[in-house]
Amino acid sequence: MMDFQHDLEQCLKVLEEGGLILYPTDTIWGIGCDATNSAAVQKVYALKQRHDEKALIILVAEERDVLKYVAGADLAVFDYLQQTNKPTTVIYDGAIGLADNLTGKDGSIGIRICQEPFCRHLIKRFRKPIVSTSANISGELSPGSFGAVSLAIRNGVDYVVRYRQDDIKPAVPSSIIRWENGALVIIRP
């Protein structure tokens, strides 16, 4: 296993207690929490100074995890995702089993099946989806590396992952799509 065992243990403890983590994802650094815990989700909105009517996205480890948290997902979306090279967040209708303040007003939820090793291990061990939102105050630039994460965010979480802090290769946010009646709608390329 890669050198993130200590980080995994600390993150699991914080997530189980309803706290916030600052962690590397398959895209940019993110603020995370238990996606089924409304109080934890509220802490994310408060830290980001973001209105809670703006939905957050979640990360899962496997296709089957999507089916656990979405009512009636179109399986064709998985064929599309297997053909893309860029991490892609999909907006699904009919979110179920998640914190009420996490989903859009229309009941939709953005989900990304994460391929990054640390995230996959964390999600599989936690056995629940994890919120992932850019590690910045709302309206500020998304941090492309750990060094670009502000002190306000670093100090506002309960645990900062050490793994990949020295990775300076600039990261970019995911593509965002919506799958509507079997048709692809690109929201952010």
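Refer to the preceding data block for the structure.
All of these numbers come straight from a predicted model, not from anything done at the bench.

Colleague: Help me understand the pairing of strand β3 (residues 57–60), please; the structure alone is not making it clear to me.
Modeller: Here β3 shows a buried face lined by Ile 57 and Leu 59 and a second buried face lined by Ile 58 and Val 60. Direction of pairing for β3 relative to strand β5 (residues 109–113): parallel, over a ladder of four bridges. Within β5, the residue paired with Ile 58 across the bridge is Ile 111. Here β3 runs beside strand β6 (residues 130–134); their pairing, made up of three bridges, is antiparallel.

Colleague: How should I be thinking about unusual backbone geometry in this particular structure?
Modeller: For residues besides glycine, phi is generally negative; the peptide bonds are generally trans as well. With a phi close to 55°, Gln 49 is a non-glycine residue in the positive phi region. Note on placement: Gln 49 falls in the loop between α2 (38–48) and β3.

Colleague: Would you mind showing me how to read the sheet that holds strand β2 (residues 29–32) here?
Modeller: What links the strands of a sheet is backbone hydrogen bonding, and the strands pair in either a parallel or an antiparallel sense. Spatial ordering of the open sheet is given by β7-β1-β2-β6-β3-β5-β4-β8-β9, a layout of nine strands whose pairing is mixed. Unpaired on one side and paired on the other, β7 (159–160) and β9 (183–188) mark the two borders of the sheet.

Colleague: How should I be thinking about the pattern of salt bridges in this particular structure?
Modeller: Close approach of charged atoms lets side chains of opposite charge pair. Inspection of every chain in the model, using the stated rule, returns ten salt bridges. Here Lys 128 ties to Asp 34 by a salt bridge, and the two come within 3.0 Å at their closest N and O atoms. You can see Lys 128 sitting in the loop between α5 (117–126) and β6 and its partner Asp 34 sitting in the loop between β2 and α2, a full 94 residues away along the chain. A residue is classified by how much of its surface remains accessible, and Asp 34, at 4% relative accessible area, is buried. The partner of Glu 116 in a salt bridge is Arg 164, and the shortest N-O contact between them spans 3.1 Å. Highlighted residues: Glu 116 in the loop between β5 and α5 and Arg 164 in the loop between β7 and β8 (175–180), separated in sequence by 48 residues. The class for Glu 116 is buried, based on a relative accessible area of 7%. Each of Asp 93, Asp 106, Arg 178 and Glu 180 takes part in salt bridges that share partners, so that together they form one network.

Analysis parameters
Within every chain, residues take consecutive numbers counted from 1 along the sequence as written. Confidence filtering applies because this is a predicted model: local features only for residues at pLDDT of at least 70, side-chain atom pairs given and counted only at 80 or more, and all residues used for totals across whole chains, interfaces and linings. The side-chain values count all of the structure's non-hydrogen atoms but skip hydrogen atoms and water molecules. Throughout, exposure labels follow a simple rule: accessible area from a 1.4 Å probe, protein chains only, divided by the maximum for the residue type, with under 20% read as buried, over 50% as exposed, and the rest as partly exposed. A run of H or I in DSSP becomes a helix once it reaches four residues, and a run of E becomes a strand once it reaches two; helices and strands are each numbered from the N terminus. One requirement defines pairing of two strands: DSSP has to find at least two bridges between them. In what follows, salt bridge is the name for a side-chain nitrogen of Lys or Arg lying within 4 Å of a carboxyl oxygen of Asp or Glu.

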